[in-house]
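# Descriptive analysis of the structure
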Amino acid sequence: MQPGGNRKVMKESLAMIIIMKPEIDPKGQELHQVLQHLKQYPGVTAKVHSVKGATRTLTEVYLIGSTATLPREAIEELPGVERVVKISEKYRLIGRHQGQVEAVGFEYNGVVFNQDAFHVFAGLCAVDTREHVEQMLRALQKAGLTTTRMGAYKPRTSPYDFQGHGQACLSYVFELAGKYGIKVITMEITHEDHIDEIRKALTESGNPTGVMLQIGTRNAQNFELLKVVGQQDEFPVLVKRGMGITLEESLNACEYVASEGNRRIVFCLRGVKSHLGDPHRNFVDFAHVPVVKRLTRLPICIDPSHSVGRRDRAPDGILDIFHATAQGVIAGANMVLVDFHPAPERALCDGPQALLLEELEAFLEDVAIAREAYEKRKALAARFTQA
Ligand code: PEP
Ligand code: MN
């Protein structure tokens with residue numbers, strides 16, 4: 001046997017993208033003509049991707065194989081073609097390619113995720129009791145939120161710490177989510193079997209809600225798990241930044257998911273492990289929000305709870321977690337993942353960083369101030385860029 005003979009061959013990679021004009025019909029004549037035209041080039045495979053964005057559907061043709069001699073200009077002259085983009089080496093699927101491709105995002109269970117959208121996912125770090133789940137979800141409904149976080153499978157540093165209720169809590173979590181109008185729950189998985197357990201529990205409870213699979217910081221380089229979440233496209237994926245690896249290495253985790261077929265990905269900044277961040281649990285890295293937006297097409301989430309890790313309050317009366325959240329939101333974050341708990345002193349995981357239900361209203365108002373400031377900053381930048 002040759003060395004590596006029984007291993008899978010290297011993935012054939014994306015080499016070019018033909019971006020169709022926004023108004024073209026993905027089933028129409030123009031696209032058909034482009035695909036016919038491509039047939040004359042041997043060794044080139046074309047795959048059509050239609051991404052439903054917030055306001056329109058973007059159609060792209062992905063070209064795989066030997067595209068080196070493809071006449072770009074001839075393709076660009078075909079009706080319906082907006083432009084042809086040569087793919088750069090890094091982040092082939094999730095990348096912006098020097099700003100040549102748009103960040104379209106995706107819709108899941110009626111919720112739109114893209115680089116302009118904004119959602120707050122407030123909830124329990126770990127599900128402990130049914131009562132706490134219900135209290136949490138009732139508070140979210142009262143605040144007008146339809147998105148939450150609920151940890152069932154907890155990856156813990158110590159084997160003696162609470163590992164999460166796992167499968168056992170799924171049915172009541174989903175049932176209650178339906179009762180309180182929750183559309184999407186982020187839920188960490190640590191093993192591929194958890195996907196089947198979630199799917200089964202959702203089906204058995206009549207699909208009352210949706211789940212975004214969370215890949216935790218500790219699994220940012222668990223390549224087999226990343227491949228598995230990429231091989232299904234039923235559930236979108238929230239990939240958290242690896243705590244002790246570079247941003248590039250973490251973004252490659254998203255590229256792993258995308259390269260297996262699932263493009264419904266959100267990237268989450270959650271701080272990096274460094275004592276230079278002391279006394280915070282991690283060194284807050286929300287200055288990377290605009291960087292990730294520039295490098296990739298992905299919506300960006302921030303997790304102030306796991307970044308800051310404690311309920312300290314600054315002399316101005318504002319909690320450090322609120323301050324860090326505002327920093328990420330004012331920089332354009334599209335999603336906030338934040339821990340709340342009805343009784344943090346009784347929480348089985350990460351109680352010290354949980355915000356109180358009574359703080360939800362203030363949190364959301366503070367977030368709205370930061371978001372409004374971001375919108376104003378964006379408008380200001382647009383005015384000066386045009387001038
Ligand atoms: C979590 O969000 O519950 C979690 C464990 O976060 P992280 O993977 O960022 O530590
Ligand atoms: Mn936690």
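Residues numbered from 1 in each chain as written. Chains lettered and ligands numbered in written order. Predicted model: local features only at pLDDT ≥ 70, side-chain atom pairs only at ≥ 80, totals over all residues. Heavy atoms only, no water.

### Some details on empty space enclosed by the protein
Applying the stated rule across the entire model yields 1 cavity of 30 Å³ or more. Residues of the lining of the largest cavity, tallied by class, amount to 7 nonpolar, 2 polar and 2 charged. (1 Å grid on protein atoms, 1.4 Å probe; cavity = no way out; pocket = protein on both sides within 12 Å on 5 of 7 lines; lining within 4 Å. Points joined across faces, edges and corners; volume = space filled by probe spheres on them. Nonpolar A, V, L, I, M, F, W, Y, C, P; charged D, E, K, R; others polar.)

### What to know about the site of ligand 1
Lining the immediate environment of ligand 1, one finds Cys125, Arg149, Lys154, Glu188, Gln214, Gly216, Thr217, Arg218, Lys240, Arg270, Asp303 and His306. Lys154 places a side-chain nitrogen or oxygen 2.8 Å from an oxygen atom of ligand 1. Arg270 is positioned such that a nitrogen or oxygen atom in its side chain is 2.6 Å from an oxygen atom of ligand 1. When ligand 1 sits alone it has 300 Å² of accessible area, and the protein chains cover 97% of it. Taken together, the residues of the shell around ligand 1 break down into 1 nonpolar, 4 polar and 7 charged. (Near = heavy atom within 4 Å. Polar contact = N/O pair within 3.5 Å; in protein donor to acceptor, adjacent residues only side chain to side chain. Areas by Shrake-Rupley, 256 points an atom, 1.4 Å probe, with all protein chains shown as cover.)

### What to know about the packing of helix α6 (residues 223-231) against helix α7 (residues 247-259)
For the pair α6 and α7, interaxial distance at closest approach is 7 Å and the crossing angle is 45°. On the basis of their axis angle, the class for α6 and α7 is oblique. Where α6 crosses over α7, the handedness of that crossing is right-handed. For the pair formed by α6 and α7, the contact residues are Phe223, Leu226, Lys227, Val229 and Gly230 on the first element and Ala253, Tyr256 and Val257 on the second. Tallied by class, residues from the contact of α6 with α7 come to 6 nonpolar, 1 polar and 1 charged. (Axes fitted to C-alpha atoms, helices over the stretch in contact; angles between N-to-C directions. Helix = DSSP H or I, 4+ residues; strand = E, 2+ residues; numbered from the N terminus. Parallel < 35°, antiparallel > 145°, perpendicular 65-115°, else oblique. Left-handed = near helix turned anticlockwise from the far one by under 90°. Contact = heavy atoms within 4.5 Å.)

### Quick look at the coordination of the manganese ion (ligand 2)
On the protein side, the manganese ion (ligand 2) has Cys125 (SG), His306 (NE2) and Asp350 (OD) as donor atoms, found 1.9 to 2.3 Å from it. Counting along the primary sequence, the residues that act as donors to the manganese ion (ligand 2) give the motif C-x180-H-x43-D. Of this pair, His306 sits in helix α9 (residues 304-308) while Asp350 sits in the loop between β14 (335-341) and β15 (355-356), placing them 44 residues apart in sequence. For His306, a relative accessible area of 9% puts it in the buried group. (Donors = N, O, S within 2.8 Å, 3.2 Å for Na, K, Ca; no water. Buried < 20%, exposed > 50% of the residue type's maximum accessible area, 1.4 Å probe, protein only.)

### Thoughts on the layout of surface pockets
Roughly 440 Å³ of volume is contained in the second largest pocket. The wall of the second largest pocket is formed by 22 residues, among which Val51, Gly105, Phe106, Arg263 and Arg264 lie closest to the centre. At the level of secondary structure, the elements contributing two or more residues to the lining of the second largest pocket comprise β2 (44-52), β3 (57-65) and β5 (106-108). Per-element tally for the lining of the second largest pocket: the top contributor is β2, with 4 residues. Classifying every residue of the lining of the second largest pocket by side-chain character gives 10 nonpolar, 5 polar and 7 charged.

### Observations regarding the domain arrangement of the chain
Under the domain assignment, the chain is made up of domain 1 (14-106) and domain 2 (107-386). Between the C-alpha centres of domain 1 and domain 2 the distance comes to 32 Å. In this complex, domain 1 contributes 19 residues to the contact, which on the side of domain 2 involves 27 residues. Per-residue buried area on domain 1 facing domain 2 is highest for Tyr91, Ile94 and Phe106; these three make up 50% of the total on that side. Seen at the junction of domain 1 and domain 2, the total is 2 salt bridges. Glu60 is the partner of Arg297 in a salt bridge, and the nearest nitrogen-oxygen pair spans 2.6 Å. Here domain 1 is connected to domain 2 by 13 residue pairs in polar contact (both at pLDDT 80 or more). The set of elements that each furnish at least two residues to the side of domain 1 that touches domain 2 consists of β2 and β3. (Domains from an automatic or database assignment. Buried area = accessible area lost by both parts, 1.4 Å probe. Salt bridge = Lys/Arg side-chain N within 4 Å of Asp/Glu carboxyl O.)

### Structural notes on the side chain of His119
Its location among the elements puts His119 in strand β7 (residues 119-123). Not counting residues within four places of it along the chain, the set of residues in contact with His119 comprises Val111, Val112, Phe113, Thr147, Asn334, Met335 and Val336.

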